[in-house]
Amino acid sequence: MSAIDDIRAERQRQIKVEGYTAKHDDGHVTEALMEAAFAYEWHAMGTAVYNKNGIPQNWPWARHFWKPKDKRRDLIRAGALCLAEQDRCARDGMPRQALPDQTLARIVAELDAETQS
């Protein structure tokens, strides 16, 4: 499976298992999905800054929603959050946003590089 396939599969898991449907995601209008994507990406890359509770400072939700795993899984999770943000923006009638696209491309490149090493 390719990196983007893994990311798409994770997004489907988030929808079917976690219940993070379009209706749920549409409630996040303050870029929370991208903030969460960055938190997982930066954690995976070792560049996150953590608060006193041990979660990234940019984490947008309650502590119990922060569930890091390993580098690959966290990057896949970050990519899935980018897909969720892309879909949310499209449903909202917003023009395609560069930030989710660029972030997703960066994550896919990192996953591909990790797979080849």
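Residues numbered from 1 in each chain as written. Predicted model: local features only at pLDDT ≥ 70, side-chain atom pairs only at ≥ 80, totals over all residues. Heavy atoms only, no water.

A. Region of interest: helix H4 (residues 71-91). Compared with an ideal rise of 1.5 Å per residue, which puts 21 residues at 30 Å, H4 spans 30 Å between its outermost C-alpha atoms and is within 8% of the ideal. The element H4 is extensively covered by neighbouring structure, given that 15 of its 21 residues are classed as buried. In this structure Asp 70 caps H4, since a side-chain oxygen of it lies 3.2 Å from the backbone nitrogen of Arg 72. Phi turns positive one or two residues past the end of H4, at Gly 93, with a value near 80 degrees. (Helix = DSSP H or I, 4+ residues; strand = E, 2+ residues; numbered from the N terminus. Expected span 1.5 Å × (residues − 1). Buried < 20%, exposed > 50% of the residue type's maximum accessible area, 1.4 Å probe, protein only. Polar contact = N/O pair within 3.5 Å; in protein donor to acceptor, adjacent residues only side chain to side chain.)

B. Region of interest: the packing of aromatic side chains. Going through the model one piece at a time under the given rule, you end up with five aromatic pairs. Pairing Tyr 40 with Trp 66 gives two aromatic rings, centres 4.6 Å apart and planes at 25 degrees, and the pair type is stacked. In this pair, Tyr 40 sits in helix H3 (residues 32-45) while Trp 66 sits in the loop between H3 and H4, placing the two residues 26 residues apart along the sequence. Ring pairs connect the aromatic residues Tyr 40, Trp 59, Trp 61 and Trp 66, which therefore count as one cluster. (Phe/Tyr/Trp six-rings, centres within 6.5 Å; stacked < 30°, edge-to-face > 60°.)

C. Region of interest: the pattern of salt bridges. If you walk through the whole model with that rule in mind, you get 10 salt bridges. Between Asp 6 and Arg 72 there is a salt bridge, and its shortest N-O distance comes to 2.6 Å. One end of the pair, Asp 6, is in helix H1 (residues 3-16); the other, Arg 72, is in helix H4, with 66 residues separating them in the sequence. On the basis of relative accessibility, which here comes to 24%, the residue Arg 72 falls in the partly exposed class. With a closest N to O distance of 2.8 Å, Arg 13 and Glu 10 form a salt bridge. (Salt bridge = Lys/Arg side-chain N within 4 Å of Asp/Glu carboxyl O.)

D. Structural context of H3. With 14 residues, H3 should reach 20 Å at 1.5 Å per residue; the first-to-last C-alpha distance of 20 Å fits that figure. Across the 14 residues that make up H3, a large majority, 10, are buried. Looking at H3, one finds that the buried residues are Ala 32, Leu 33, Met 34, Ala 36, Ala 37, Phe 38, Ala 39, Tyr 40, Glu 41 and Ala 44. Elements in contact with the buried residues of H3: helix H2 (22-25), H4 and helix H5 (98-116). Within two residues after H3, Gly 46 carries a phi angle of roughly 80 degrees, on the positive side. (Contact = heavy atoms within 4.5 Å.)

E. Structural view of the side chain of Asp 25. Turning to its location among the elements, Asp 25 is positioned in helix H2. Taking relative accessible area as the criterion, Asp 25 reaches 2% and is therefore assigned buried. Among the polar contacts made by the side chain of Asp 25, one reaches the side chain of Arg 11 at a distance of 2.4 Å.

F. Molecular detail of the nonpolar core. Counting residues in hydrophobic clusters, the biggest one holds 25 residues, and the most contacted among them are Ile 7, Trp 59, Ile 107 and Leu 111. Looking at this core, the elements with two or more residues in it are H1, H3, H4 and H5. Every residue in contact with Ile 107, bar those within four places of it in the chain, is listed here: Ile 7, Glu 41, Leu 75, Ala 78, Gly 79 and Cys 82. (Core = buried A, V, L, I, M, F, W, Y, C linked by side-chain atoms within 4.5 Å.)

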